[in-house]
Amino acid sequence: MPSYENRYISNLTRETYALILAGGRGSRLHELTNWRAKPAVYFGGKHRIIDFPLSNCINSGIRRVGIATQYKSHSLIRHVNRAWGHFKKELGESVEILPASQRYGDEWYCGTADAVFQNMDIIRHELPKYVMILSGDHVYRMDYGALLAKHVETGADMTVCCIEVPCEEAANTFGVMTVDDSNRVRRFDEKPAEPSSIPGKEGTCLASMGNYVFNTEFLFEQLKNDAEREGSGRDFGHDIIPAIIEEHNVFAFPFREPTQKGQAYWRDVGTIDSFWEANMELVSPEPQLDLYDPSWPIWTYQEQLPPAKFIFDDEERRGMAVDSTVSGGCIISGSVVRKSLLFSNVHVHSYCTIEGSVILPGVKIGRNCKVRNAIIDRSCELPEGIVIGYDSKIDEENGFRVSKKGIVLVTRDMLAAYNQRQIENEEKQELSVV
């Protein structure tokens, strides 16, 4: 017999519509988002970032989900259709794509609040009691049922989901909530230079995760007010929250580990370095983000692929992977892979050494290559003998991007330019000999 608490929360999730904002470019990821939106970026060996908020919704019992898309959304839409297109509308469940369609004017989505405003008629048609606004570009596992229950318990008009971070880390980076002892929001500062601390936790602040819960009619009222406000940036952080905290009940919900009550796992993989670090965390023996937990699976689309294969067992030519994650369809042929994460259909040819690297799907690595502390983008073909990640100056001369922490990003366009320069140099050498 289900407990009253479980029934109570399941009723709340059934009365909730979730809108995932997935139109962001993610410009700090540079060439990784040249041809895909940030939520479509690969993560964790087989997933895309969008799979995490979507899986959180489904695992939490929220089965009515919209995904607002805009920037270079083709690969994102294709992935969502393949992975999430099996829900039955007649059973009260759906995952729908909501592209910017100029429903209320001639402009595309102008901000996070405007993306919701332009889809108000679609949301209203679902008749939800609560609307949950979710960022589509963060990696975490969260039961939204607890968030909804707290929202109702406090009598909030709006609840902002927050993560506790050191003030020095949040400075100039995150929107920061100033709260009282009951976690009611008294002030909101967008990327302040000196964030205010949590009461009783000096040096720690509440940073917004970009996830919000609203009472539906209250949300619509505030979106209409904001749309009429001259000079508004149409953004929840910049405009909506500062405008309502004085006269309405806005509460912060600190996102904590439910069992240990400590800091929960949450990553903003918005830079080359943070993307590499978050993926590298997964190859540790006991990562904080447990993708192997059957009680909270991260769903995704995956091709039907053969198992990973490791071939040759000679002293100088042994196919092996140590402290690594290797996905289906991969072939490690007489090479060594250490502390790396390989997505599907990666083929590493003989006599290579791959260390501390994230290799995206479909990459082919030629013989005698050495790759260290690198991100190799989808479908790249590394030529034989190339060395990446051992000398930053040489990597930059070769046209690859080197991050602040020395992580090397390689894309197909970079390799095409590199190969062209190699051909031109060979032609010059031949002419000089003649």
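Residues numbered from 1 in each chain as written. Predicted model: local features only at pLDDT ≥ 70, side-chain atom pairs only at ≥ 80, totals over all residues. Heavy atoms only, no water.

**Concerning the overall build of the protein chain**
Phase 1 of the analysis: Secondary structure summary: the protein chain contains 12 helices and 31 strands in total.
Phase 2 of the analysis: The C-alpha atoms of the protein chain give 24 Å as radius of gyration, which agrees with the globular expectation for 434 residues (22 Å, within 12%).
Phase 3 of the analysis: Counting only residues that meet the buried cut, the protein chain has 52% of its 434 residues in that class.
Phase 4 of the analysis: Put simply, 58% of the contacts in the protein chain that link residues at least 6 apart link residues at least 24 apart.
Phase 5 of the analysis: In the form shown here, the protein chain has an accessible surface area of approximately 20,700 Å², with 47% of it arising from carbon and sulfur atoms.
Phase 6 of the analysis: Distance between charge centres in the protein chain, computed from 48 positive and 61 negative side chains, equals 4 Å. (Helix = DSSP H or I, 4+ residues; strand = E, 2+ residues; numbered from the N terminus. Rg over C-alpha atoms; globule rule 2.2 N^0.38 Å. Buried < 20%, exposed > 50% of the residue type's maximum accessible area, 1.4 Å probe, protein only. Contact = heavy atoms within 4.5 Å. Areas by Shrake-Rupley, 256 points an atom, 1.4 Å probe, with all protein chains shown as cover. Lys, Arg positive; Asp, Glu negative; His and termini not counted. Charge placed at Lys NZ, Arg CZ, Asp CG, Glu CD.)

**Quick notes on the sheet that holds strand 21 (residues 341-342)**
Phase 1 of the analysis: Spatial strand order, 18-21-24-27-31-30: six strands in an open sheet with mixed pairing. Two strands bound the open sheet, and with one partner strand each, they are strand 18 (325-326) and strand 30 (401-402). (Pairing = 2+ DSSP bridges.)

**Quick look at the packing of helix 8 (residues 216-228) against helix 9 (residues 236-244)**
Phase 1 of the analysis: Direction vectors running N to C along helix 8 and helix 9 enclose 110°, while the axes themselves pass 11 Å from each other. Between helix 8 and helix 9, the crossing angle belongs to the class labelled roughly perpendicular. The handedness of the crossing between helix 8 and helix 9 is right-handed. Every residue of helix 9 that contacts helix 8 at Phe218, Leu219, Gln222, Leu223 and Asp226 is listed here: Phe236, Asp239, Ile240 and Ile244.
Phase 2 of the analysis: Of the residues contributing to the contact of helix 8 with helix 9, the split by class is six nonpolar, one polar and two charged. (Axes fitted to C-alpha atoms, helices over the stretch in contact; angles between N-to-C directions. Parallel < 35°, antiparallel > 145°, perpendicular 65-115°, else oblique. Left-handed = near helix turned anticlockwise from the far one by under 90°. Nonpolar A, V, L, I, M, F, W, Y, C, P; charged D, E, K, R; others polar.)

**Re the layout of surface pockets**
Phase 1 of the analysis: When its volume is computed, the largest pocket comes out at roughly 1,100 Å³.
Phase 2 of the analysis: Considering the residues around the largest pocket, the lining is formed by 42 residues, among which Thr112, Ser135, Asp137, His138 and Asp235 are closest to the centre.
Phase 3 of the analysis: Mapped by element, the contributors of at least two residues to the lining of the largest pocket are strand 4 (64-69), helix 4 (112-117), strand 9 (175-179), strand 10 (185-190), strand 11 (204-215) and helix 9.
Phase 4 of the analysis: Taken together, the residues of the lining of the largest pocket break down into 15 nonpolar, 19 polar and eight charged. (1 Å grid on protein atoms, 1.4 Å probe; cavity = no way out; pocket = protein on both sides within 12 Å on 5 of 7 lines; lining within 4 Å. Points joined across faces, edges and corners; volume = space filled by probe spheres on them.)

**Quick look at the side chain of Glu93**
Phase 1 of the analysis: Position of Glu93 relative to the elements: it lies in the loop between helix 3 (74-84) and strand 5 (94-99).
Phase 2 of the analysis: From its side chain, Glu93 meets the backbone nitrogen of Lys88 in a polar contact 3.2 Å long.
Phase 3 of the analysis: Once you skip the residues sitting within four places of it in the chain, Glu93 turns out to touch Arg63, Phe87 and Lys88. (Polar contact = N/O pair within 3.5 Å; in protein donor to acceptor, adjacent residues only side chain to side chain.)

**So, the domain arrangement of the protein chain**
Phase 1 of the analysis: When cut into domains, the protein chain gives domain 1 (4-282) and domain 2 (309-432).
Phase 2 of the analysis: Here domain 1 and domain 2 have C-alpha centroids that lie 36 Å from each other.
Phase 3 of the analysis: It is Glu31, Tyr42 and Trp276 that lose the most area in domain 1 upon contact with domain 2, and together they represent 33% of the buried surface on that side.
Phase 4 of the analysis: The interface formed by domain 1 and domain 2 holds three salt bridges in total.
Phase 5 of the analysis: Remark: the boundary between domain 1 and domain 2 carries eight residue pairs in polar contact (both at pLDDT 80 or more).
Phase 6 of the analysis: Those elements that provide at least two residues to the side of domain 1 that touches domain 2 are strand 2 (42-43) and helix 10 (272-281). (Domains from an automatic or database assignment. Buried area = accessible area lost by both parts, 1.4 Å probe. Salt bridge = Lys/Arg side-chain N within 4 Å of Asp/Glu carboxyl O.)

**Quick look at helix 6 (residues 144-153)**
Phase 1 of the analysis: For helix 6, the set of buried residues is Tyr144, Gly145, Leu147, Leu148, Ala149 and His151.
Phase 2 of the analysis: Taking the backbone nitrogen of Gly145 as reference, a side-chain oxygen 2.9 Å away marks Asp143 as the first, capping residue of helix 6.
Phase 3 of the analysis: At the exit of helix 6 stands Gly155, carrying a positive phi of roughly 70°.

**Some thoughts on helix 10**
Phase 1 of the analysis: Of all 10 residues that make up helix 10, eight are buried, and the element is covered over most of its length.
Phase 2 of the analysis: Among all positions of helix 10, only Ile272, Asp273, Ser274, Phe275, Trp276, Ala278, Asn279 and Met280 are buried.
Phase 3 of the analysis: Buried residues along helix 10 sit against strand 2, strand 13 (266-267), strand 21, strand 24 (358-359), strand 27 (374-376) and strand 31 (408-410).

**As for the environment of Val95**
Phase 1 of the analysis: Residue position: Val95 is located in strand 5.
Phase 2 of the analysis: Along the primary structure Val95 and Gly328 are separated by 233 residues, whereas in three dimensions their C-alpha atoms are 27 Å apart.
Phase 3 of the analysis: Ignoring any residue separated from it by four or fewer positions in sequence, one finds Val95 in contact with Leu54, Val65, Ile67, Val80, Trp84 and Phe87.

**A short note on the sheet that holds strand 25 (residues 364-365)**
Phase 1 of the analysis: The strand order 14-19-22-25-28 describes an open sheet built from five strands, whose pairing is parallel. The strands lining the two open edges of the sheet, one partner per strand, are strand 14 (309-311) and strand 28 (381-382).
Phase 2 of the analysis: The pairing of strand 19 (residues 331-333) with strand 22 (residues 347-348) spans two bridges and is classified as parallel. For Ile332, the partnering residue across the bridge sits in strand 22 and is Val348.

**Section: the nonpolar core**
Phase 1 of the analysis: If you look at the biggest cluster of nonpolar residues, it comprises 53 residues, and the most contacted ones within it are Phe43, Phe275, Ile375, Ile376, Leu382, Ile388 and Phe400.
Phase 2 of the analysis: Listed by contribution, the elements that provide at least two residues to this core are strand 2, helix 10, strand 21, strand 24, strand 27, strand 31 and helix 12 (412-433).
Phase 3 of the analysis: At five residues, the largest contribution of residues to this core is made by helix 10.
Phase 4 of the analysis: The two domains that each donate at least three residues to this core are domain 1 (4-282) and domain 2 (309-432).
Phase 5 of the analysis: With residues up to four places along the chain from it excluded, the contact list for Ile375 reads Leu32, Ile272, Phe275, Trp276, Val358, Ile407, Val408, Leu409 and Val410.
Phase 6 of the analysis: Residues Val95, Leu134, Cys167 and Met209 belong to the second largest nonpolar core, which totals 43 residues. (Core = buried A, V, L, I, M, F, W, Y, C linked by side-chain atoms within 4.5 Å.)

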